[in-house]
Amino acid sequence: MVFRPCEPYIAFRWLIKGKGQTVLLFAGIAVGVAIQFFLSSLIGGLQLSLIERTVGSAPHVYILPSDSIPTSFLSESGQAIDFRKVPAIEGLEIIAWDQYLDYLKRIPEVRAASPVAGGQAFIERGSISVSVTAKGLLPQEGAKIYNFERNLKAGNINLVGDASIIGWSLAEKLQLSVNDRFFIRNNKGTGDFFTVAGIIDLGSVQANNIVFLSLDRARSFLSLNGITSIEIKVQDVFKSEELAKMLGKEFSRVKFESWQARNQELLTALRSQSGSSGIIQFFVIFSISLGIASVLGIAAVQKSRQLGILKAMGVDNRGAARIFLIQGISLGLGGSVLGIGLGYAMGTVFLKFFGTGAFGLQLRVFNLITPAILAVLGSALASLIPARRASKLSPIEVIRYG
């Protein structure tokens, strides 16, 4: 589309002459874009915070003993089936866990993977007995999965011998400090003493009701021949389900669960939140477009005589239509720039006076560009109505009848 030099000049001149209407249109578009930017950035930041609190310091994929029924180790031809394809039951433990761990180490998407020996236990301190989760893992891999260094509140993260790392709320409940010893009993009735090496905060009371041990010490304490699971942390948390399905096709002796499968209610709530935000943003843009269409439509009626004179001077139908199209696009662009700044200011003020500090704004390029593009498109489409009217004006009738 080629604009003649006079068309932008006329379009901007009419906008400046009707400055009251122009200011109102700019303000309406700016507020609409600000609301879109504010909602998308704030909800995006809230969702990221919820996901981070849910799985940021937790495994993303779990390998668990399978409930499948064992079949023959031989194929129909009589040859042995590869270990990855044998649907043999593992019971309550995974015995041959080394082969799975070696396979996981070759997958680039896997950040960390640790065998886990876990079970229910009871910490006895004085007359108090508290049920906890005892979990043994490889110290280096477990530190990556549970972010020990970031979440450490006191002590250290060295799981050696009888050393243990306990949750923050558990330490407060039992009045345990670093270097304190405590007695813990397993679900079979036997128990042992351990020392508090470190105290960590995993973000919730339920998550903090845990005692971490070294893998070998936990297997001995829980009387396990193998392990109870393998916990995996991946590079991209949203690809956990994809990885779990891929591993499920490779191995049939165990089952795989992603964090998404364990948090269906959370994901449903996040999808509903995103859907409601999208509906609100759509109606905001729709209302802005109606406002622009009505104001420019009135302007087209008010400028009928001028348009008739311009057409009589040689401006064709497309040129008359482009005048209003230029106005619509200019209003959309100018209002979008103001709106993004206003939306960022709204978000900053909201977080300062009403936020808890647990989440922030998600300042992505998508959140910046999308409201602006929608506003420009909405403004351009809205300007098509007066543009169509202007293109159909007959200069003779307009000049004769006014």
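This is a predicted model, so every value here is computed, not measured.

1. Describing the overall build of the chain
Consideration 1: Of regular secondary structure, the chain possesses 14 helices and 10 strands.
Consideration 2: In the chain, buried positions account for 46% of the 402 residues.
Consideration 3: A fraction of 77% describes how many contacts in the chain between residues 6 or more apart in sequence connect residues 24 or more apart.
Consideration 4: A total of about 20800 Å² of accessible surface is found on the chain, and carbon and sulfur atoms cover 61% of it.

2. Some thoughts on the packing of helix α1 (residues 6-17) against helix α12 (residues 317-353)
Consideration 1: Here α1 crosses α12 at 55°, and the two axes come no closer than 9 Å. Considering the angle they form, α1 stands oblique to α12. Considering only the axes of α1 and α12, their crossing is right-handed. Two secondary-structure elements touch here, α1 through E7, P8, I10, A11, F12, W14 and L15 and α12 through G319, R322, I323, F324, I326, Q327, S330 and L331.

3. Considering the packing of aromatic side chains
Two descriptors summarise a pair of aromatic rings, namely the distance from one centre to the other and the angle between the planes of the rings.
Consideration 1: According to the stated counting rule, one finds 9 aromatic pairs in the structure shown.
Consideration 2: Judged by centre distance (5.5 Å) and plane angle (90°), the rings of F194 and F221 are edge-to-face. In this pair, F194 is assigned in strand β7 (residues 191-200) and F221 in helix α7 (residues 215-222), connecting sequence segments 27 residues apart. For the pair shown, F194 and F221 are each scored as buried.
Consideration 3: Taken together, the ring pairs in this structure connect Y100, Y103, F251 and F256 into an aromatic cluster.
Consideration 4: Directly above the ring of Y62 sits R262, whose terminal nitrogen or CZ lies 3.7 Å from the centroid.

4. Considering unusual backbone geometry
Note: most residues except glycine have negative phi, and most peptide bonds are trans.
Consideration 1: For N147, which is not glycine, the phi torsion reads 50° and is therefore positive.
Consideration 2: Note that N147 resides in the loop between α4 (139-146) and α5 (148-151).
Consideration 3: Of the residues examined, N147 reaches a relative accessible area of 15% and is grouped as buried.
Consideration 4: Even without being glycine, S223 reaches a positive phi, approximately 55°.
Consideration 5: Relative to the helices and strands, S223 resides in the loop between α7 and β9 (229-234).

5. A short note on the environment of V376
Consideration 1: Inspection of the secondary structure puts V376 in helix α13 (residues 365-391).
Consideration 2: Residue classification places V376 among the buried residues on the basis of a relative accessible area of 18%.
Consideration 3: A C-alpha to C-alpha distance of 4.2 Å links V376 and G332, two positions 44 residues apart in sequence.

6. Examining a nonpolar patch on the surface
Consideration 1: Taken together, the side chains of I279, F282, F283, F286 and L290 present a nonpolar region at the surface, about 540 Å² in accessible area.
Consideration 2: Residue position: F286 is located in helix α10 (residues 264-302).

7. What about the pairing of strand β3 (residues 128-137)?
Consideration 1: Pairing of strand β2 (residues 110-125) with β3 involves 10 bridges; the strand directions are antiparallel. Note on β3: the bridge partner recorded for F122 is S131.
Consideration 2: The pairing of β3 with strand β8 (residues 210-214) spans 5 bridges and is parallel. In the strand pairing of β8, L137 is matched with S214.

8. Regarding helix α8 (residues 240-250)
Consideration 1: S240, L243, A244 and L247 are the residues of α8 that are buried. Around the axis of α8, the buried residues are gathered within 100° of arc, so they sit on the same side. Along α8, exposed side chains directed more than 90 degrees from the buried face belong to E242, K245 and K249.
Consideration 2: In this structure, the buried residues of α8 make contact with β1 (61-65), α3 (97-105), β2, β9, β10 (254-258) and α9 (259-262).

9. Here's the deal with the packing of helix α2 (residues 19-55) against α12
Consideration 1: α12 packs onto α2 with a crossing angle of 45° between their chain directions and a minimal axis gap of 6 Å. By the angle between their axes, α2 is oblique relative to α12. Regarding α2 and α12, the two cross each other, and that crossing is right-handed.
Consideration 2: When the residues that make up the contact of α2 with α12 are grouped by side-chain class, the tally is 18 nonpolar, 9 polar and no charged.

10. Remarks on the layout of surface pockets
Consideration 1: In this model, the largest pocket occupies a volume close to 840 Å³.
Consideration 2: Lining the largest pocket are 27 residues, and of these A58, Y62, K135, A207 and R262 lie nearest its centre.
Consideration 3: Put simply, the parts of the chain that give the lining of the largest pocket at least two residues each are α2, β1, β2, β3, β9 and α9.
Consideration 4: Looking at the lining of the largest pocket residue by residue, the classes come out as 11 nonpolar, 12 polar and 4 charged.
Consideration 5: In this structure, the second largest pocket encloses a volume near 450 Å³.
Consideration 6: Looking at the second largest pocket, it is lined by 22 residues, and the ones nearest its centre are G44, Q47, S274, Q362 and R364.
Consideration 7: The class makeup of the residues in the lining of the second largest pocket is 9 nonpolar, 11 polar and 2 charged.

Conventions adopted
Residues numbered from 1 in each chain as written. Predicted model: local features only at pLDDT ≥ 70, side-chain atom pairs only at ≥ 80, totals over all residues. Heavy atoms only, no water. Helix = DSSP H or I, 4+ residues; strand = E, 2+ residues; numbered from the N terminus. Buried < 20%, exposed > 50% of the residue type's maximum accessible area, 1.4 Å probe, protein only. Contact = heavy atoms within 4.5 Å. Areas by Shrake-Rupley, 256 points an atom, 1.4 Å probe, with all protein chains shown as cover. Axes fitted to C-alpha atoms, helices over the stretch in contact; angles between N-to-C directions. Parallel < 35°, antiparallel > 145°, perpendicular 65-115°, else oblique. Left-handed = near helix turned anticlockwise from the far one by under 90°. Phe/Tyr/Trp six-rings, centres within 6.5 Å; stacked < 30°, edge-to-face > 60°. Lys NZ or Arg CZ within 6 Å of the ring centre and 35° of its normal. Patch = residues over 30% accessible without salt bridge, like charges linked within 9 Å, V, L, I, M, F, W, Y side chains within 5 Å. Salt bridge = Lys/Arg side-chain N within 4 Å of Asp/Glu carboxyl O. Pairing = 2+ DSSP bridges. Arc of directions from axis to C-beta. Nonpolar A, V, L, I, M, F, W, Y, C, P; charged D, E, K, R; others polar. 1 Å grid on protein atoms, 1.4 Å probe; cavity = no way out; pocket = protein on both sides within 12 Å on 5 of 7 lines; lining within 4 Å. Points joined across faces, edges and corners; volume = space filled by probe spheres on them.

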